[in-house]
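Below, each chain spelled out in residue letters.
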Amino acid sequence: MNSETAHSEYMTYVCAPAQTQPQRRRIVNRANRMWAFSLLALSLALPAPGQTNGAETFKSKCAMCHGPDGLATTSMATMLKVPSFKSPDLVKAPDSQLIDATKNGKGKMPAYSGKLTDAQIKDVIAYIRTLQK
Ligand code: HEC
């Protein structure tokens, strides 16, 4: 290819609407997709306002006694005789029992009704279920 044809090919590529249109559309589409993807990623990363997060509640309110993994291996857990969430009894226990103990307390376990909403308690129990796996 000599420089003459190279140049005219370049001009067709850059200027001809027939060729640049679809190409530009592809670039715009790709940019839109990237934008939609960023929005999606952002919406997943930030919890919606008012939404409760079981993992956060567990970390801030329960982990100091139950241990960050819920297995009650910390010295605080030993001192208070906290059971591991992986103990067969607690794995078998229905949600209603765990929710009840969280709301009303049990032994040295403090009651959380009035401190956590029902939705927060439900979410933190759902999170505890993930620690039992
Ligand atoms: C001050 C320490 C402490 C904190 C904080 C604590 N727990 Fe406990 N938890 C205990 C102890 C002790 C037990 C064992 C109670 C018993 O069987 O006498 C227990 C038991 C439980 C049980 C099992 C109840 C059953 O049916 O045997 C659940 C479920 C539970 N805790 C959930 C939670 C959740 C959810 C939180 C946070 C919102 C939390 N705990 C915070 C000390 C604590």
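Residues numbered from 1 in each chain as written. Predicted model: local features only at pLDDT ≥ 70, side-chain atom pairs only at ≥ 80, totals over all residues.

Draft legend 1. View of the overall build of the protein. Along the backbone of the protein there are 7 helices and 0 strands. In sequence order, the secondary structure elements of the protein are arranged as α-α-α-α-α-α-α. Looking at the protein as a whole, 11% of its 133 residues qualify as buried. For the protein, contacts bridging at least 24 residues in sequence account for 44% of all contacts bridging at least 6. (Helix = DSSP H or I, 4+ residues; strand = E, 2+ residues; numbered from the N terminus. Buried ≥ 20, exposed ≤ 12 C-beta atoms within 10 Å, placed from the backbone. Contact = placed C-beta atoms within 7 Å.)

Draft legend 2. Structural view of the site of the ligand. With respect to spatial proximity, 22 residues lie near the ligand, and among them C62, C65, A101, G107 and M109 are the closest. Secondary-structure elements contributing two or more residues to the shell around the ligand are α3 (54–66) and α6 (95–104). The element that contributes the greatest number of residues to the shell around the ligand is α3, accounting for 5 residues. Across the shell around the ligand, the residue classes tally to 14 nonpolar, 4 polar and 4 charged. (Near = placed C-beta within 6 Å. Nonpolar A, V, L, I, M, F, W, Y, C, P; charged D, E, K, R; others polar.)

Draft legend 3. Just the nonpolar core, in detail. Formed by F58, C62, Y112, I121 and V124, the largest nonpolar core amounts to 5 residues. Elements with a minimum of two residues in this core: α3 and α7 (118–131). (Core = buried A, V, L, I, M, F, W, Y, C linked by C-beta atoms within 7 Å.)

Draft legend 4. Region of the structure containing unusual backbone geometry. Its identity is not glycine, yet A72 carries a phi of approximately 55°, on the positive side. One non-glycine residue, K81, lies in the positive phi region at around 55°. Within the secondary structure, K81 is located in the loop between α4 (75–80) and α5 (88–92).

Draft legend 5. Expanded view of the packing of α6 against α7. Closest axis-to-axis distance for the α6/α7 pair is 10 Å, and the angle between their directions is 125°. Between α6 and α7, the angle is such that the two are oblique. Helix-helix and strand crossings are classified by hand; for α6 and α7 the assignment is right-handed. Where α6 abuts α7, its residues D95, L98, I99, T102 and K103 lie against I121, K122, I125 and I128. A class-by-class count of the residues in the contact of α6 with α7 yields 5 nonpolar, 1 polar and 3 charged. (Axes fitted to C-alpha atoms, helices over the stretch in contact; angles between N-to-C directions. Parallel < 35°, antiparallel > 145°, perpendicular 65-115°, else oblique. Left-handed = near helix turned anticlockwise from the far one by under 90°.)

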